[in-house]
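# Summary of the model geometry
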Amino acid sequence: PTTPSAHVPRLDHTIFAHRGLSTLNPENTMEAFRDARDHGARWIETDVDLIADGTPILIHDTQLERTTDHTGSIYALTAEDLPSIDAGKWFGRQFGGSHIQTLADLVDFLNETGINANIEIKQNEQGAARTIQLIDAVAAELARLDPSIQIIVSSFSQPLLMHFHQRQPQYAIAVLYETCALYDDWLSVAEFCGATYIHVEDRGLTREKVHAFTAAGYGVNVYTVNSHARANQLFNWGASGVFTDVADLYPCA
Ligand code: G3P
Ligand code: CA
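Calculation rules
- Residues numbered from 1 in each chain as written.
- Chains lettered and ligands numbered in written order.
- Predicted model: local features only at pLDDT ≥ 70, side-chain atom pairs only at ≥ 80, totals over all residues.
- Helix = DSSP H or I, 4+ residues; strand = E, 2+ residues; numbered from the N terminus.
- Rg over C-alpha atoms; globule rule 2.2 N^0.38 Å.
- Buried ≥ 20, exposed ≤ 12 C-beta atoms within 10 Å, placed from the backbone.
- Contact = placed C-beta atoms within 7 Å.
- Arc of directions from axis to C-beta.
- Near = placed C-beta within 6 Å.
- Nonpolar A, V, L, I, M, F, W, Y, C, P; charged D, E, K, R; others polar.
- Axes fitted to C-alpha atoms, helices over the stretch in contact; angles between N-to-C directions.
- Parallel < 35°, antiparallel > 145°, perpendicular 65-115°, else oblique.
- Right-handed = clockwise from strand over helix to strand, strands pointing away.
- Pairing = 2+ DSSP bridges.
- pLDDT = per-residue confidence, 0-100.

- As annotated in an unreviewed UniProt entry, the chain is Glycerophosphoryl diester phosphodiesterase from Tessaracoccus palaemonis.

Below you can see the structure in the form of C-alpha cells.
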C-alpha cells in the first residue's frame, strides 16, 4: 500500500455491521445503527449518496421503492423531503416513523458512541462534477468527527476513490470488488486508488486470493458473511474483517 499519510486502522477479526444490524432493523436507519451498538459492534458499514440540494444521505439504492414508502429517484430529493419519507414500515409495522438518515446524523452518532465506520460512497450516476461534489460533501461531514473515530472510505468506483484520496489523503481507502470482477490488475488498481484495504465479495473467494492480497500488504475485509464457520475460515486465511447482516457474529450476540 502506498498511503503513508493515511491513518490506517489496525483491524483484527473485525465485525462490520452491514448497513447497521440490518436483519433486525430497516437497513441504514438510526435504529439499525443503535442496535448494532447495543450488540457490541465496534464498526458499522453504510452507503452514502448525494441528493439534489447537495446533502449526503445514507441509502443503498438510487430509487426509493425498496426501502421507503415513496417511489422515484433519490436524486430528486432535498433535505426538506426526508422527514415525510418513511424508511421503516417496509421492514415491519413497528418500524414506522424511521427516516432516511443524513451523513450528518451518522457523524453525530459516531461522535456520541465512539463507534467506527466504513463509509461506502455509491457510484453517483450524475457525472464527474457531481461526483466531486459528493466527495467534498462527505469530507466536510467527516471533518466534524472526533479524531479518535476510525474511518475507512470505500467505493466500487475507482476514479471516485482516486479523487477522494487525492483530496483527502488522511483517510484510509478500500477498493470494493465483486469477486467475478477481480482481474489480475487488482494491485495496480489498488495503487491507483491509494488503497490500504481490499473489500471483496465472499462468493467465490479463495484462500489463494486472500493470500495474494495480504502478501502485498493489504488488509482484506469480506462482504457479506453470515455464518461463523465461514467467518472463521476467512480469518484463518488472513482476512482482517467481515461484513455481516446477522447478530450471531457480533461480539455480544
Ligand atoms: O461494503 C460492502 C458491501 O456493502 C458492498 O456491497 O451492495 O451491499 O453495498 P453492497
Ligand atoms: Ca454497502
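This is not the end of the story, as more comes after the structure.
## Looking at the overall build of the chain
- Check the secondary structure of the chain and you find seven helices and nine strands.
- Here the chain has a C-alpha radius of gyration of 17 Å; the compact-globule value for 253 residues is 18 Å, and the two agree.
- Counting only C-alpha atoms and orienting by the principal axes, one finds that the chain spans roughly 50 × 40 × 35 Å.
- Every one of the 253 residues in the chain was classed for burial, and the buried ones make up 43%.
- Relative to all contacts within the chain whose residues are 6 or more apart in sequence, the contacts with residues 24 or more apart total 57%.

## Some words on helix 5 (residues 186-193)
- For helix 5, the set of buried residues is Trp186, Ala190 and Cys193. All buried residues of helix 5 project into a common sector of 70 degrees when viewed along the axis, lining one side.
- Where the residues of helix 5 are buried, they touch helix 4 (158-167), strand 6 (172-177) and strand 7 (197-201).
- The positive-phi residue at the C-terminal boundary of helix 5 is Gly194, with phi of around 70 degrees.

## Description of the site of ligand 1
- Close to ligand 1 lie His18, Glu45, Asp47, His60, Glu120, Ser154, Leu176, His199, Tyr223 and Phe243, which account for all nearby residues.
- The residue makeup of the shell around ligand 1, split by class, is three nonpolar, four polar and three charged.

## As for the packing of helix 4 against helix 5
- Between helix 4 and helix 5, the shortest axis-to-axis distance is 7 Å and the interhelical angle comes to 40 degrees. The orientation of helix 4 with respect to helix 5, classified from their angle, is oblique. Together, Gln158, Leu161, Met162 and His165 of helix 4 and Val189, Phe192 and Cys193 of helix 5 make up the contact between the two elements.
- Among the residues forming the contact of helix 4 with helix 5, the class breakdown is five nonpolar, two polar and no charged.

## What about unusual backbone geometry?
- Residues Tyr223 and Thr224 are joined by a peptide bond in cis, for which omega reads -15 degrees.
- Examined against the element boundaries, Thr224 turns out to sit in the loop between strand 8 (219-223) and helix 7 (228-237).
- With a phi angle near 60 degrees, Arg19 is a residue other than glycine that sits in the positive phi range.
- Counting through the fold element by element, Arg19 comes out in the loop between strand 1 (14-18) and helix 1 (30-38).

## Things to note about the environment of Ser98
- Along the chain, the position of Ser98 falls in the loop between strand 3 (56-58) and helix 2 (103-113).
- By the C-beta count within 10 Å, which is 24 here, Ser98 ends up buried.
- Measuring from C-alpha to C-alpha, the distance between Ser98 and Ala79 comes to 15 Å, with 19 residues separating the pair along the chain.
- Setting aside residues up to four positions removed in sequence, Ser98 forms contacts with Pro26, Thr29, Glu31, Asp86, Ala87 and Gly88.

## Here's the deal with the pairing of strand 2 (residues 43-50)
- The buried fraction of strand 2 amounts to seven of the eight residues, a majority that puts the element mostly inside the structure.
- On the question of chirality, the crossover connecting strand 1 to the parallel strand 2 by way of helix 1 is right-handed.
- Here strand 2 runs beside strand 3; their pairing, made up of three bridges, is antiparallel. Bridge assignment links Leu50 to a residue of strand 3, and that residue is Pro56.
- Counting the residues between successive antiparallel strands, the hairpin from strand 2 to strand 3 contains five residues, one of them, Gly54, with a positive phi of roughly 90 degrees.

## Overview of the environment of Cys252
- With respect to the secondary-structure elements, Cys252 resides in the segment after strand 9 (241-244).
- Considered as a pair, Cys252 and Ser240 are 12 residues apart in the sequence and their alpha carbons are 19 Å apart.
- Contact partners of Cys252, with chain neighbours within four places excluded, come to His39 and Gly40.

## Overview of the confidence of the model for the chain
- Of the residues in the chain, 97% reach a pLDDT of 70 or more, and the chain-wide mean stands at 94.
- Here the prediction assigns the complex a pTM of 0.96, and the interface score ipTM is 0.99.

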